[in-house]
Structures are given as structure tokens and as C-alpha cells.
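Spelled out from the first residue to the last, the chains are:
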Amino acid sequence: MWMRNSSKQIAKDRLRNVLVHDRADTSPDFMSNLRDDLMRVVSEYMEVGQSGADFQLQSVDDHVALIANIPVKQVRRGRRPGNN
Amino acid sequence: MGEVIVVTSGKGGVGKTTTTANLGTALAQSGARVCLVDADIGLRNLDVVLGLENRIVYDLVDVVEGFCRLRQALIRDKRLEGLHLLPAAQTKDKTSVTPEQMRELTQELRQEFEFVLIDSPAGIEQGFKNAIAGVDRALIVATPEVASVRDADRIIGLLEAAEIPPAKLIVNRLRPQMVRRGDMMSVEDIIDILAIDLIGVVPEDEQIVVTTNRGEPAALIQGSRAGEAYRNIARRIAGEEVPFMDLDANSGFLDRLRRMFGQA
Ligand SMILES: Nc1ncnc2c1ncn2[C@@H]1O[C@H](COP(=O)(O)OP(=O)(O)O)[C@@H](O)[C@H]1O
Ligand SMILES: [Mg+2]
């Protein structure tokens, strides 16, 4: 019905992006809980450097990206999901 | 025992005071005993919107500081049986009242009134904390603008953290023509982003300016679109199921809303 770049659409996109940051920033444990959960899952597949890991929400072009930088020490051989 | 409801928003100038005045008027029109509390201490406004500014003797701070009894500070509206105002202090600031004092005050008011509506100041600091102390539920007013919806989202988070039951949204100053031509966020867009229930939509209406000039809330005026919207919201607050108004002459809007609420 309306164009992709109508001011209404722009408002919606900007609002969504700003709320991604707001909600993550204003909830005190959000990033650290996310970090802990992700690290737990990732370490099932590979041995990672817990201390050097870095997680950030970053605005990239027109969206927000979760950027994770996790030092990998070693990949666990033959590791498949659900294989404990 | 009555219910205490806060009208809040985060952002200033989005229509909290207008909404409080009109909902109070509409609830009183339907026969309820209503007390409106101006919690915007230092920036008293609700009295002028209601046209009661000349009748103030004592204010909220006088009550909590024990200079007068609650009864002495309440102003009874002469036009509408049942409508009362507890005005804010104009010469004090927000720190002259604590959340604990507000809780006691609203506790006392709910013994007397069926509805106690608190007009919250803008912001998230002490004035906001005072306004939400001891409330049973919250109404959030937002206009279809990025900054207003963003602040509403923040307020929703703070209300959740304060363990107040899920707030309901009032979208104010909607301009259906602008929505139709793609230049204003729609009600659906806003509820989609905020993920809360809608309790009403108030259109942009010149009558609000005229009625505010006169000190007679639009809810008193037949033929005002905003007044009608406020009367509908008041009925929903009282527990009635009222279909959403058709604000869009070309329709489509109402049908979508109805579908969304399973009323189609
Ligand atoms: N639906 C509306 N249509 C037109 N003007 C409105 C509407 N709602 C509010 N206003 C105007 O917007 C201004 C701010 O409203 P107010 O209720 O004082 O906001 P707040 O209490 O949130 O600061 C006032 O001038 C008021 O008359
Ligand atoms: Mg106000």
C-alpha cells in the first residue's frame, strides 16, 4: 500500500533499532546473561577463551547486529548437536 | 474499595493531563465517584484543564505534610456530581512527597472513590515514582511518534519492574489521513512494537484546544471526536466492552482493529 521508504516505515525501522539498544541497555543483566548462555552453548562445540570474549549490539547499516568475538582455542573433534 | 489508576507516558506533552481530565469527566458522567490527583508537583496543570483553578485552597503537599485534612483539599466539580480534584502544589517540588506518602494517600482516597486517577509528571525520576506508588493499574499515553513510543517502552519496562499489572495503551493525537498516506505510524504499528494491549485511540481534534481554553473537558461536548473517544475509553475502564471507533472515513482501519481483537 505504501512505499518502503515512506516516513512511517522509516519511523518504524528507527524505532525498532533504538528499542533493541534501549531494552538491552536498561535491563541490567541482559548482556551478561546472554553472554553466559551463548558461551555455554559454544563451548560444547569448541574450547574457547572465556576471558577474551566480547559481545556487543551494534548498529550496522539499517539494522542492529549482535557481534560476538570469541577466541577459539580448539574445536572438539566429531562434536554434533545433542551429543553429550 | 475503589481502583487507583495512573496515567503516564515518559515523554511530556503527549496528553496525560488532557486524558486524565477527560477520563475523569467521562467516568463521573456515568455516575461514578471519581477523584483526579495532580501528581505533577511544581507544574500544576490539571486544575486549569478542568476549569477549577480559582477554587484551590489547599493542595496535595498540604495534605501529606498534615497542614490540612484530605477532605479540605478536595475540590468538588460543580458541573459534575461525583468529580473531585486533588490539586498539585505549585510552589514545591517533586521531592516534597515520597512514594510511601503517596501510597498512604491513595489508600485513603480509594475508601471514598470508585476511581482515583493519577496524572503523572513526565520523566522517570521521583515524580514518576510518586505517581505509580500504590496504583492498581496503569494507562500509558503515546502519540504516533518515535520519541513518544520509545519513552512509552521505557515506562512499560519500569512498570513491569515495579510489578504493576500490564499497562494498557492509549494512542493520542492520531491523524488517520496521515496514516493512510504513509506519513504516520498506525495504531497497529505501535502495539506491534510495544506488545501491550490497546484501550483506546484518541484522534487529533481541534476541540481539545477549544475545550482546554474554556476549562471544560471535551468529554462533556457532544460531537467532539476526541470527547467520544474518551467516553469510550472510560466505559472500557469501567469494564464494558465497547467497539473501537471508526476514525478513518475510508474505513479499513476499524476492520483491522476489530480483526486484531477478534471482534470482526
Ligand atoms: N487529541 C488531541 N488533539 C489535539 N490536541 C491535543 C490532544 N491531546 C492533547 N492535546 C494538546 O497537547 C498539549 C499537551 O497535552 P497535555 O495533556 O498537557 O500533555 P502532558 O500532560 O502529557 O504533558 C496540550 O496543549 C493539549 O491541548
Ligand atoms: Mg501534564
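Preceding this section is the structure that the text describes.
Residues numbered from 1 in each chain as written. Chains lettered and ligands numbered in written order. Predicted model: local features only at pLDDT ≥ 70, side-chain atom pairs only at ≥ 80, totals over all residues. Heavy atoms only, no water.

**Student:** Hey, could you go over the pairing of strand 4 (residues 83-86) of chain B for me, with residue numbers and the actual values?
**Tutor:** Sheet faces and side chains relate simply in a regular strand, where the side chains alternate between the two faces. Residues and elements named next belong to chain B. With burial as the criterion, each face of strand 4 is covered, one bearing L83 and L85 and the other bearing H84 and L86. Across two bridges, strand 3 (residues 75-76) lies against strand 4 in antiparallel orientation. Within strand 4, the position partnered with R76 by the bridge is H84. From the end of strand 3 to the start of strand 4, which pair antiparallel, there are six residues, and G82 there has a positive phi angle of about 100 degrees. (Buried < 20%, exposed > 50% of the residue type's maximum accessible area, 1.4 Å probe, protein only. Helix = DSSP H or I, 4+ residues; strand = E, 2+ residues; numbered from the N terminus. Pairing = 2+ DSSP bridges.)

**Student:** Describe helix 7 (residues 146-161) of chain B, listing the residues and the values that go with them.
**Tutor:** Counted at 1.5 Å a residue, the expected span for helix 7 of chain B with its 16 residues is 22 Å, and the 23 Å between its end C-alpha atoms agrees. Restricting attention to buried positions, one finds in helix 7 of chain B the residues B:V146, B:S148, B:V149, B:A152, B:D153, B:I155, B:I156 and B:L159. Residues of helix 7 of chain B that are buried make contact with helix 1 (7-26) of chain A together with strand 1 (3-8), helix 6 (126-132), strand 6 (137-142) and helix 9 (187-194) of chain B. The first or second residue beyond helix 7 of chain B is B:E163, which carries a positive phi of 60 degrees. (Expected span 1.5 Å × (residues − 1). Contact = heavy atoms within 4.5 Å.)

**Student:** Give a detailed account of the state of the cysteines, specifying residues and quantitative values.
**Tutor:** Residues and elements named next belong to chain B. Under the defined criterion, the tally for this structure stands at zero disulfides over all chains. Of the cysteine sulfurs around C35, a residue in no disulfide, the closest is that of C68, at 13 Å. The exposure class of C35 is buried, given its relative accessible area of 0%. (Disulfide = S-S within 2.5 Å.)

**Student:** How would you explain the pattern of salt bridges if you had to name every residue and give the values?
**Tutor:** Two side chains of opposite charge can pair, provided their charged atoms sit close to one another. Applying the stated rule across the entire model yields 19 salt bridges over all chains. As a salt-bridge pair, B:R181 and B:D183 come within 3.4 Å of each other at their nearest N and O atoms. Look at B:D183 and you get partly exposed, because its relative accessible area is 34%. A salt bridge links B:R235 to B:E240; its shortest N-O distance comes to 2.8 Å. Taking relative accessible area as the criterion, B:E240 reaches 40% and is therefore assigned partly exposed. Residues joined in a network through salt bridges with shared partners are A:K8, A:K12 and B:D189. (Salt bridge = Lys/Arg side-chain N within 4 Å of Asp/Glu carboxyl O.)

**Student:** Summarise the interface of chain A and chain B; cite the residues concerned and give the values.
**Tutor:** Counting residues at the interface gives 15 residues for chain A and 16 residues for chain B. Taken together, both faces of the contact between chain A and chain B bury some 1,400 Å²; the carbon and sulfur share is 59%. The interface formed by chain A and chain B includes five salt bridges. The shortest N-O distance in the salt bridge between B:D192 and A:R16 comes to 3.0 Å. (Buried area = accessible area lost by both parts, 1.4 Å probe.)

**Student:** Break down the nonpolar core for me, with residues and values.
**Tutor:** Judged by nonpolar contacts, the single largest core of 97 residues is most densely connected at B:L23, B:L60, B:L86, B:L109, B:I118, B:L159 and B:L169. Setting aside anything within four residues of it in sequence, one finds B:L60 in contact with B:V37, B:D38, B:I41, B:L86, B:P87, B:A88, B:V97, B:M102 and B:L105. Counting five residues, the second largest nonpolar core, distinct from the first, contains A:M39, A:A53, A:F55 and A:I70. (Core = buried A, V, L, I, M, F, W, Y, C linked by side-chain atoms within 4.5 Å.)

**Student:** Kindly report on the site of ligand 1, identifying the contributing residues and their values.
**Tutor:** Residue and element names in this part refer to chain B. Ligand 1 sits among 14 residues. The nearest are G13, K16, T17, T18 and N172. Note that an oxygen atom of ligand 1 is positioned 2.8 Å from one of the side-chain N or O atoms of K16. Protein contact buries 80% of the 570 Å² of open area that ligand 1 shows by itself. Contributing elements (two or more residues each) for the shell around ligand 1: helix 1 (16-29), strand 7 (168-174) and strand 8 (197-203). Residues of the shell around ligand 1, tallied by class, amount to four nonpolar, six polar and four charged. (Near = heavy atom within 4 Å. Polar contact = N/O pair within 3.5 Å; in protein donor to acceptor, adjacent residues only side chain to side chain. Areas by Shrake-Rupley, 256 points an atom, 1.4 Å probe, with all protein chains shown as cover. Nonpolar A, V, L, I, M, F, W, Y, C, P; charged D, E, K, R; others polar.)

**Student:** So what's going on with unusual backbone geometry? Which residues, and what values?
**Tutor:** Residue A:D61 is not a glycine yet carries a positive backbone phi of 50 degrees. Position of A:D61 among the secondary structure elements: in the loop between strand 2 (54-60) and strand 3 (63-69). Here B:R173, not a glycine, exhibits a phi torsion of approximately 65 degrees, which is positive. Residue B:R173 is classed as partly exposed on the basis of its relative accessible area of 38%.

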